[in-house]
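Structural features, examined
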Amino acid sequence: MSGFASWIGGALGWTLGGPIGAAIGFAVGAAVDKVTAKGLLLEPPKEKRGNSRRQDPIYEKRRRRKPSQKREQTKPGDFEVSLLVLSAIVMKADGEVSESELDYVRSYFVKMYGKERANHAFQLFNGVLKKKDISTRQVCQQIQLYMDHSSRLQLLHYLFGVTKADNHVSEEEVELIEKIAGYLYINNRDFESIKAMFYNASDSAYKILEIDKSVSDSEVKKAYRKMVKKYHPDKVQHLGEEHVKGAKEKFQRVQKAYEQLQKERGF
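Residue positions are given per chain, counting from 1 as you read along its sequence in written order. Only residues with pLDDT of 70 or above have their local features reported here, since the model is predicted, and side-chain atom pairs are shown and tallied only from 80 upward, although totals for entire chains, interfaces and linings are computed over all residues. Working from all heavy atoms in the structure, the side-chain values ignore hydrogens and water.

Side note on the nonpolar core
To keep things clear, this is the line we draw: For our purposes a nonpolar core is just a set of buried Ala, Val, Leu, Ile, Met, Phe, Trp, Tyr and Cys residues, chained together by side-chain atoms within 4.5 Å. We call a residue buried when its accessible area falls under 20% of the maximum for its residue type, exposed when it is over 50%, and partly exposed in between, using a 1.4 Å probe and counting protein chains only. Each helix is a run of H or I in the DSSP string that is no shorter than four residues. Each strand is a run of E no shorter than two, and both are numbered from the N terminus. Only heavy atoms enter the contact rule, under which two residues are in contact if any of them lie within 4.5 Å.
Counting 66 residues, the largest nonpolar core has Leu-86, Val-105, Phe-109, Phe-125 and Leu-209 as the members making the most contacts within it. Element by element, the count of residues in this core is highest for helix H4 (residues 76–91), at 10 residues. Apart from residues lying up to four places away in sequence, Phe-125 is in contact with Leu-84, Ser-87, Ala-88, Met-91, Leu-102 and Val-105.

Dropping the structure here:
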């Protein structure tokens with residue numbers, strides 16, 4: 001247990017005192033009980049009009065932040081913990097966690113962090129997976145408050161990978177990911193762009209580039225340049241080299257979408 005606790009010690013960061021910190025506390029037990037915030041994993045009870053937001057600890061942190069205060073870059077440990085908690089939430093959306101989904105998460109972490117670190121991460125993941133009544137809204141609010149936009153986009157991309165792992169994507173899973181995107185302040189165009197990377201529809205290339213079929217060739221080129229900047233792997237360089245490699249897949253989908261439209265339109 002001590003080795004596991006020390007592994008997540010550096011990952012707690014901003015999670016202390018919030019719903020993600022509580023999820024970690026449940027997963028690792030007594031080792032982090034002293035720093036676990038209790039009661040934040042349950043869906044908040046309905047409050048009288050005008051009081052609910054003021055009693056929300058995440059809202060209070062957001063309210064105290066000065067408008068000019070910049071969001072700090074996401075730390076690798078924070079991203080890992082957020083990824084594990086959201087993956088567990090999504091995998092339980094259809095009421096059944098498949099072995100292929102578990103294998104996907106396990107293999108992803110082995111590829112990203114190595115076997116030993118992945119094993120520790122999976123212990124945390126299994127603990128969160130067993131936890132009931134995790135508030136998706138509060139978890140996402142905490143992530144949104146402290147995580148930069150590029151890292152949130154990478155989280156969304158990963159979640160679609162989890163749902164596609166068993167070659168069956170339920171409506172419940174897609175609806176939950178869309179709800180998560182909203183909680184994370186990811187707009188609908190970005191959501192549809194990342195979603196299209198996992199579906200071979202006739203208009204997928206256009207959705208990936210966030211444009212309509214009616215646009216001109218010059219607008220296609222302009223959209224491509226914009227998406228290259230948005231999804232470039234360097235945007236998540238602060239998360240570590242392992243996540244830069246993971247972001248390349250998303251970046252390559254943008255390139256393939258553009259190449260497909262080049263052939264279709266002949267420019």
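Notes on helix H7 (residues 136–146)
Among the 11 residues of H7, nine are classified as buried, and the element is accordingly described as predominantly covered. Those residues of H7 lying buried are Thr-136, Gln-138, Val-139, Cys-140, Gln-141, Gln-142, Ile-143, Gln-144 and Leu-145.

Focus on the pattern of salt bridges
Under the convention used in this document: One side-chain nitrogen of Lys or Arg within 4 Å of one carboxyl oxygen of Asp or Glu is enough to make a salt bridge.
Tallying each qualifying case throughout the model produces six salt bridges. The shortest N-O distance in the salt bridge between Arg-106 and Asp-103 comes to 2.8 Å. Linking Arg-106 with Asp-103, this pair stays in helix H5 (residues 99–113), spanning three residues, or about one helical turn. Take Asp-103: its relative accessible area is 36%, and that puts it in the partly exposed class. Between Glu-210 and Lys-230 there is a salt bridge, and its shortest N-O distance comes to 3.2 Å. Of this pair, Glu-210 sits in the loop between helix H11 (204–208) and helix H12 (217–231) while Lys-230 sits in helix H12, and the two are 20 residues apart along the sequence. Exposure remark for Lys-230: the relative accessible area of 19% places this residue in the buried category. Each of the salt bridges in this network shares a partner with another, and the network as a whole consists of Asp-190, Glu-210 and Lys-230.

Focus: the confidence of the model for the chain
Keep this limit in mind: As a per-residue quantity, pLDDT reports the predictor's confidence and falls between 0 and 100.
Mean pLDDT over the chain stands at 75; residues scoring 70 or higher make up 70%. For the chain, helix H1 (residues 2–12) is the element with the lowest average pLDDT, namely 45, and H11 is the one with the highest, namely 95. Predicted confidence is poor over residues 1–14, with pLDDT under 50, and the contacts of this stretch with residues over four places away or in other chains come to 31 contacts. Note that pLDDT drops below 50 for residues 29–63; the model gives that stretch 58 contacts with residues more than four away or on any other chain.

Topic: a negative patch on the surface
Rule in force here: Any residue with relative accessible area above 30% and no salt bridge may belong to a patch, with like charges joined within 9 Å and the nonpolar Val, Leu, Ile, Met, Phe, Trp and Tyr side chains within 5 Å. Accessible surface area values rest on a Shrake-Rupley calculation with a 1.4 Å probe, where residue burial reflects the displayed protein chains alone. Counting rule for charge: Lys and Arg are taken as positive, Asp and Glu as negative, and neither His nor the chain ends is counted. Charge positions come from single atoms, namely NZ of Lys, CZ of Arg, CG of Asp or CD of Glu.
A contiguous patch of negative charge, built from Glu-171, Glu-172, Glu-175 and Glu-178, is present on the exposed surface. Considering the arrangement of structural elements, one finds Glu-171 in helix H9 (residues 171–183). On the basis of relative accessible area, Glu-171 is assigned to the exposed category, the value being 63%.

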